[in-house]
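# Understanding the architecture of this molecule
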Amino acid sequence: KILNKYKIKYKYINNVSKEAAKSIANSKIIGWFQGKIEFGDRALGNRSILADPRNKNMKSRVNNSIKYREQFRPFAPAVLKEYCEQIFENYTDSYYMERVLPVKKSWQERIPAVVHFDESARLQTVTEEINKPFFDLITAFYEITGVPLIINTSFNLNGEPNVESPRDAIRTFFSCGLDYLLIGPYLISKHNV
């Protein structure tokens, strides 16, 4: 209803997780608005900005054109649980982005956009049971790239609260450098969809 009210062009997508994964793998930055809003300090995969951790320039792209904040500010990796021990030293589950762990040397160059200056990352452990659409997206990204994680940051601009409604998501999308917005099964682009 909101998309039609504001005459926003959109495309219905049968598999939003797979579509999002393809876009992220192609260096697109997406707004991800799915299901109910999270409660708490972190965006955990329902109201998120998502991007490719393999691209060393992605951190500055997101900070410059979307979050409008300092360059040093890091982003969290959302990681499929079954691969966490391969990527992090002394791995412990971190479902709510509550832990910062050292990234193993063998992974640091593969995922430079999420590795902090001290070679650590604030991770989010992702399982199918906790968030199936988000799990499916990261799984699809892994199938495309061989990397079982993506950048996950809150869906907001610097100084603003996280988006809650479709109207919030649309306003934020058109106010920054996001490439695509996926609200439920609907894909919105700033170009012809």
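Preceding this section is the structure that the text describes.
Everything numeric in this text was worked out from a predicted model, so none of it was measured.

Taken in spatial order, the nine strands line up as β1-β9-β8-β2-β3-β7-β4-β6-β5 in an open sheet, and their pairing is mixed. Two strands lie at the open edges of the sheet, namely β1 (11-12) and β5 (99-102), each paired on one side alone. Sheet analysis places strand β2 (residues 30-33) next to strand β8 (residues 180-183), joined by four bridges and oriented parallel. The partner of F33 across the bridge, within β8, is I183. Running at roughly 160° to β2, helix α2 (residues 16-25) makes contact with β2, β3 (47-51), β7 (149-154), β8 and β9 (186-189) of the sheet. On the sheet, helix α7 (residues 166-173) packs against β2, β8 and β9 and is oriented at approximately 175° with respect to β8.

Moving on, we come to unusual backbone geometry. Here Y68, not a glycine, exhibits a phi torsion of approximately 50°, which is positive. Relative to the helices and strands, Y68 is located in the loop between α3 (58-67) and β4 (76-80).

This next bit is on the environment of R42. With respect to the helices and strands, R42 occurs in the loop between β2 and β3. Given a relative accessible area of 33%, R42 falls into the partly exposed group. Each C-alpha atom of the pair R42 and L157 lies 14 Å from the other, and the pair is 115 residues apart in sequence. Residues within four places of R42 in sequence aside, it is in contact with Y96, M97 and R122.

This part covers the packing of α2 against helix α6 (residues 132-145). Contact geometry for α2 and α6: axes closest at 8 Å, N-to-C directions at 45°. Looking at the two axes, α2 sits oblique to α6. When the axes of α2 and α6 are compared, the crossing they make is right-handed. Contacts between α2 and α6 involve S17, K18, A20, A21, K22, I24 and A25 on the former and, on the latter, P133, D136, L137, A140, F141, I144 and T145. Residues of the contact of α2 with α6, tallied by class, amount to nine nonpolar, two polar and three charged.

So, how was this worked out
Within each chain, residue numbers correspond to sequence positions counted from 1 in written order. Predicted model: local features are reported for residues with pLDDT of at least 70 only, side-chain atom pairs are reported and counted for 80 or more only, and whole-chain, interface and lining totals are derived from all residues. Just so you know, side-chain values use all the structure's heavy atoms and leave hydrogens and water out. The rule for pairing is simple: two strands pair if DSSP sees at least two bridges between them. Numbering of helices and strands runs from the N terminus, with a helix taken as a DSSP run of H or I at least four residues long and a strand as a DSSP run of E at least two residues long. Note on definitions: a residue-residue contact is assigned when non-hydrogen atoms from the two residues lie within 4.5 Å. In this analysis, axes come from line fits to C-alpha atoms, helices being fitted only over the stretch in contact, and the angle between any two N-to-C directions falls in the range 0 to 180 degrees. The buried label applies to any residue whose accessible area, calculated with a 1.4 Å probe on protein chains only, is under 20% of its type's maximum; exposed applies above 50%, and partly exposed to all values in between. For classification purposes, angles smaller than 35 degrees are called roughly parallel, those larger than 145 roughly antiparallel, those between 65 and 115 roughly perpendicular, and all remaining angles oblique. Left-handed describes a crossing in which the near helix is turned anticlockwise from the far one by less than a right angle; the clockwise case is right-handed. Each residue receives one of three labels: charged for Asp, Glu, Lys and Arg, nonpolar for Ala, Val, Leu, Ile, Met, Phe, Trp, Tyr, Cys and Pro, and polar for the others, Gly being one of them.

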